Amino acid sequence: MIPQTLNRYLRLVNPITALHPYWRYRDLVRNLVAKDLKVRYQGAVLGFLWSLGNPLALILLYYFVFTHVFRSDLPNYILYLVIGVLHYNLFSQAVSQSCESLTGAAGLIQKIYFPRILVPTSSLLFTLALWVIAILILFVLYPLLGGVYHWSLLLYPLVLGLYVAFIWGIVLTFSVLQVEFRDLKHLVDIAMMFGFWLTPIAYDVNVLEPSTRELISINPLTQFMDLFHTLLYSGTLPAMQHVFTASAWTLATVTIGMFLFRSKARHLVEDL
């Protein structure tokens, strides 16, 4: 009895063992991502370059507003803005598109069996694949925008991985809730507009009134934006308190997302 319990525990805590059942379906995930890429930009002259259109337009708009209308005193403001817009854009697009990932794949889910969790995961990977193009361009233009290459940038992939895991937990939650509440995506799209201004993307949280600053700090995205701005804009190491807080939010979203998805996955075929 004890050896069986121990083996079961080791399978749960070993990430390689836990991911092994899903690794068998890697070709399916690859095909789902490739299909989305082809469908979205099929026939478009500029192809994947259109993925840069939305963040570029936002950056130009907010740069004009905060340099000519509501002038910001932040040095190298364009760098501060680009960092915030790009990382928030990853969050908003991934979460918004995930709402319809399961309902959009209803035909596939009802025809063949495979781990349903791969559908919202492939939706996130699709968004991430397009977003990587934008972040690579940022690192190429980094010195021109006022940034300085420094050794602390080596920590960026770790923070980004934490951020993607945080998003993945929300993606799992909203994708499965959308099956029962079909109005969810519309509410999420509205929430994303409010979320942009409730996150320190185009402004420095330190210039806000203390009461407003406390309200903004409740937003989990504030913690992640602080990590990204600290590493990429200020060129310093983030405070451990912010790292622990961001990690706690990530653990919470992944735990809730996995719990909800597993509890509702068995009824997906009937609900779809």
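Remember, predicted model here, so these are calculated numbers, not experimental data. (Residues numbered from 1 in each chain as written. Predicted model: local features only at pLDDT ≥ 70, side-chain atom pairs only at ≥ 80, totals over all residues. Heavy atoms only, no water.)

**Description of the overall build of the protein**
1) Next: Secondary structure summary: the protein contains 14 helices and zero strands in total.
2) Next: Each helix and strand of the protein, placed in order from N terminus to C terminus, yields the pattern α-α-α-α-α-α-α-α-α-α-α-α-α-α.
3) Next: Within the span of the protein, comprising 272 residues, buried residues form 44% of the whole.
4) Next: The contacts of the protein with a sequence gap of at least 6 include a subset with a gap of at least 24, amounting to 76%.
5) Next: Accessible area of the protein: about 15,500 Å², with a carbon and sulfur share of 68%. (Helix = DSSP H or I, 4+ residues; strand = E, 2+ residues; numbered from the N terminus. Buried < 20%, exposed > 50% of the residue type's maximum accessible area, 1.4 Å probe, protein only. Contact = heavy atoms within 4.5 Å. Areas by Shrake-Rupley, 256 points an atom, 1.4 Å probe, with all protein chains shown as cover.)

**Topic: the packing of aromatic side chains**
1) Next: Going through the model one piece at a time under the given rule, you end up with 12 aromatic pairs.
2) Next: Each residue in the set Y88, F91, F139, Y142, Y149, Y156, Y163, F166, F196, W197, F224 and F228 is aromatic and connected to the rest through ring pairs, giving one cluster. (Phe/Tyr/Trp six-rings, centres within 6.5 Å; stacked < 30°, edge-to-face > 60°.)

**Thoughts on the packing of helix 12 (residues 220–234) against helix 13 (residues 240–265)**
1) Next: Between helix 12 and helix 13, the shortest axis-to-axis distance is 9 Å and the interhelical angle comes to 135°. Put simply, helix 12 runs oblique to helix 13. Crossing angle aside, the handedness with which helix 12 passes helix 13 is left-handed. In contact with P220, Q223, F224, D226 and L227 of helix 12, helix 13 contributes H242, V243, T245, A246, W249 and T250. (Axes fitted to C-alpha atoms, helices over the stretch in contact; angles between N-to-C directions. Parallel < 35°, antiparallel > 145°, perpendicular 65-115°, else oblique. Left-handed = near helix turned anticlockwise from the far one by under 90°.)

**What to know about a nonpolar patch on the surface**
1) Next: A cluster of nonpolar side chains, W151, L154, L155, L158 and L237, forms an exposed patch at the surface whose accessible area comes to about 590 Å².
2) Next: Since its relative accessible area comes to 61%, L158 is described here as exposed. (Patch = residues over 30% accessible without salt bridge, like charges linked within 9 Å, V, L, I, M, F, W, Y side chains within 5 Å. Salt bridge = Lys/Arg side-chain N within 4 Å of Asp/Glu carboxyl O.)

**A look at unusual backbone geometry**
Most of the time, phi is negative for any residue but glycine, and the peptide bond is trans.
1) Next: Although it is not a glycine, N76 sits at a positive phi angle of roughly 50°.
2) Next: Assignment of secondary structure puts N76 in the loop between helix 4 (53–69) and helix 5 (77–98).

**Some points on the nonpolar core**
1) Next: In this structure, Y88, F91, W131, L138, Y163, F166 and I167 are the most contacted members of the largest nonpolar core, which totals 48 residues.
2) Next: Only helix 5, helix 8 (118–141), helix 9 (156–180), helix 10 (184–197) and helix 12 provide two or more residues apiece to this core.
3) Next: Of the residues forming this core, the biggest block, 13 residues, is contributed by helix 5.
4) Next: Not counting chain neighbours up to four residues away, the residues in contact with Y163 comprise H87, Y88, L90, F91, L221, F224, M225 and F228.
5) Next: If you look at the next biggest cluster of nonpolar residues, it comprises 17 residues, including V29, L102, V176 and L260. (Core = buried A, V, L, I, M, F, W, Y, C linked by side-chain atoms within 4.5 Å.)

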